[in-house]
Amino acid sequence: MYYSSVTEFILFGLTQDAGKQKAIFGVLLMLYLATLLGNFLIVVTIKTSRTLGNPMYFFLFYLSFADACFSTMTAPRLIVDALSQKKSISYNECVTQVFAAHFFRCLEIFVLILVAFDRYVAICKPFVLVILSWVGSCIHSLAQLFLALRFPFCGPSVIDHYFCDLQPLLKLACMDTYVINLLGVSNSGAICMVSFIILFISYVVILFSLRNYSVEGRRKALSTCTSHFIVVVLFFGPCIFIYTRPATTFPVDKMVAVFYTIGTPLLNPLIYTLRNVEVKHAMKKLWCSQV
């Protein structure tokens, strides 16, 4: 482990234009609140409903939980910093954000795989699989944290991003980062690529099995699989773009990051859960009874 002379970083954010920062504040605040509300409704509904007891809803419960937590790791600071003059973050907060963001992002990936497999494999021990997902996410995040802690920083301390991640921190490290970048790509990049390939194959298997369905059943299943696969592409596209390439930066990187830190946590509950008839029925029953 190296010791850094830097005790805090300055987050550059999305833009330095005051007018654009106010617009960013308003738009992202609404998107973040919508993300929290949608995922909170799903978590409470699945937790309290007696009709949503099969493994798929158990996995969707943790998907919504991971979505809300992942978005909370990055969105609030971005929203607050949009109106702040000093966008500083301490060294300890920064490395904590690296760990937490990668933990919940990886948990989302593993749960998405479980959701896909549950569609054609009877899963008898979903709790065990979720525990394994938590353990796998923790191992991945600890590896990211270990790499981040090896960076010696001697200035400047301005991160050209709106949250702490390995790629922006690599640019500030006072050392040869080739090996560390290679390790980061082999860790995060491999998880993104392998998981996407597994999900792609699983949906191909599902579509192949539709030939045994009736015309109406095939239509409904195809509609569901298509919408789910669109989410998978939107989820893994930015992930693969960011984490499977050498330590280079592009102007579009921050907008891509906004999409996967705020956009996909909002889309997941809309596509995976709120289009589900059983969930909508359980949600109406629960909240109408409360009213």
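Note that the structure is predicted; figures quoted are calculated from it, not measured.

Engineer: Describe the sheet that holds strand S1 (residues 8–11), naming the residues involved and giving the relevant values.
Structural biologist: The strand order across the open sheet built from 3 strands is S2-S1-S3, with neighbouring strands paired in mixed fashion. In the strand order of this sheet, the two ends are held by strand S2 (88–90) and strand S3 (158–159), each with one partner. The pairing of S1 with S2 spans 3 bridges and is antiparallel. When the sheet's bridge partners are listed, glutamate 8 is paired in S2 with serine 90.

Engineer: Describe the UniProt feature "transmembrane region" (unreviewed entry) in the protein chain, naming the residues involved and giving the relevant values.
Structural biologist: Look at the UniProt record and you will see "transmembrane region" (unreviewed entry) annotated at residues 23–44, 56–79, 99–117, 129–149, 188–210, 222–243 and 255–274. As annotated, residues 23–44 has a helix share of 100% and a strand share of 0%, and its two end C-alpha atoms lie 32 Å apart. Taken end to end, residues 222–243 is 100% helix and 0% strand, and its two terminal C-alpha atoms sit 31 Å from one another.

Engineer: I'd like a rundown of the state of the cysteines, residues and numbers included.
Structural biologist: Using the criterion set out here, one finds 2 disulfides in the structure. Note on cysteine connectivity: cysteine 94 is disulfide-linked to cysteine 164, with sulfurs 2.0 Å apart. Taking the torsion about the sulfur-sulfur bond, which here is approximately -115 degrees, the covalent link between cysteine 94 and cysteine 164 counts as left-handed. Of the two residues, cysteine 94 is situated in helix H3 (residues 91–118) and cysteine 164 in the loop between S3 and helix H5 (166–170); the sequence distance between them amounts to 70 residues. According to the relative accessible area criterion, cysteine 94 is buried, its value standing at 0%. Residue cysteine 164 is classed as buried on the basis of its relative accessible area, which comes to 1%. Two residues share a disulfide in this structure: cysteine 192 and cysteine 239, whose sulfurs sit 1.8 Å from each other. Residue cysteine 192 is found in helix H6 (residues 178–209), and its partner cysteine 239 is found in helix H7 (residues 215–243); the two are separated by 47 residues along the sequence. Grouping residues by exposure puts cysteine 192 and cysteine 239 together as buried. Cysteine 192 provides the cysteine sulfur closest to cysteine 106, a residue in no disulfide bond, and the two sulfurs are 8.5 Å apart. Here cysteine 138 is not disulfide-linked; the sulfur of cysteine 106 is the nearest cysteine sulfur, at 10 Å.

Engineer: Outline the side chain of aspartate 165, listing residues and values.
Structural biologist: Inspection of the secondary structure puts aspartate 165 in the loop between S3 and H5. Polar side-chain contacts of aspartate 165 include one of 2.8 Å to the side chain of histidine 102. Leave out the neighbours within four places in its chain, and aspartate 165 touches Val98, His102, Tyr243 and Tyr260.

Engineer: An account of a nonpolar patch on the surface is needed here, citing residue identities and associated values.
Structural biologist: A surface patch of nonpolar side chains, about 490 Å² in accessible area, is lined by Met193, Ile197, Phe200, Ile201, Val204 and Val205. If you trace the backbone, valine 205 turns up in helix H6. Residue classification places valine 205 among the partly exposed residues on the basis of a relative accessible area of 37%.

Engineer: So, the pattern of salt bridges: which residues are in play, and what are the values?
Structural biologist: Evaluated as defined, the whole model comprises 2 salt bridges. Between glutamate 93 and arginine 77 there is a salt bridge, with the nearest N and O atoms lying 3.5 Å from each other. Separated by 16 residues along the polypeptide, glutamate 93 in helix H3 and arginine 77 in helix H2 (residues 55–81) bring together distant segments of the chain. Among the salt bridges present, the one from lysine 254 reaches aspartate 160, with a minimum N-O distance of 3.1 Å. Taken together, the residues lysine 254 in helix H8 (residues 253–273) and aspartate 160 in the loop between S3 and H5 connect sequence positions 94 residues apart.

Engineer: Quick one: what's the story with the nonpolar core, residue by residue and with numbers?
Structural biologist: Counting residues in hydrophobic clusters, the biggest one holds 58 residues, and the most contacted among them are Leu60, Leu199, Tyr203, Phe236, Tyr260 and Tyr272. Considering each element in turn, this core owes the most residues, 13 residues, to H2. Among residues more than four places away in sequence, those in contact with leucine 199 are Leu112, Ile113, Ala116, Val232 and Phe236. Counting residues in each nonpolar core, the second largest holds 21 residues, with Val6, Ile89, Cys94 and Leu147 among its members.

Calculation notes
Residues numbered from 1 in each chain as written. Predicted model: local features only at pLDDT ≥ 70, side-chain atom pairs only at ≥ 80, totals over all residues. Heavy atoms only, no water. Pairing = 2+ DSSP bridges. Helix = DSSP H or I, 4+ residues; strand = E, 2+ residues; numbered from the N terminus. UniProt positions renumbered as here; feature names shortened; annotations may be inferred. Disulfide = S-S within 2.5 Å. Buried < 20%, exposed > 50% of the residue type's maximum accessible area, 1.4 Å probe, protein only. Polar contact = N/O pair within 3.5 Å; in protein donor to acceptor, adjacent residues only side chain to side chain. Contact = heavy atoms within 4.5 Å. Patch = residues over 30% accessible without salt bridge, like charges linked within 9 Å, V, L, I, M, F, W, Y side chains within 5 Å. Areas by Shrake-Rupley, 256 points an atom, 1.4 Å probe, with all protein chains shown as cover. Salt bridge = Lys/Arg side-chain N within 4 Å of Asp/Glu carboxyl O. Core = buried A, V, L, I, M, F, W, Y, C linked by side-chain atoms within 4.5 Å.

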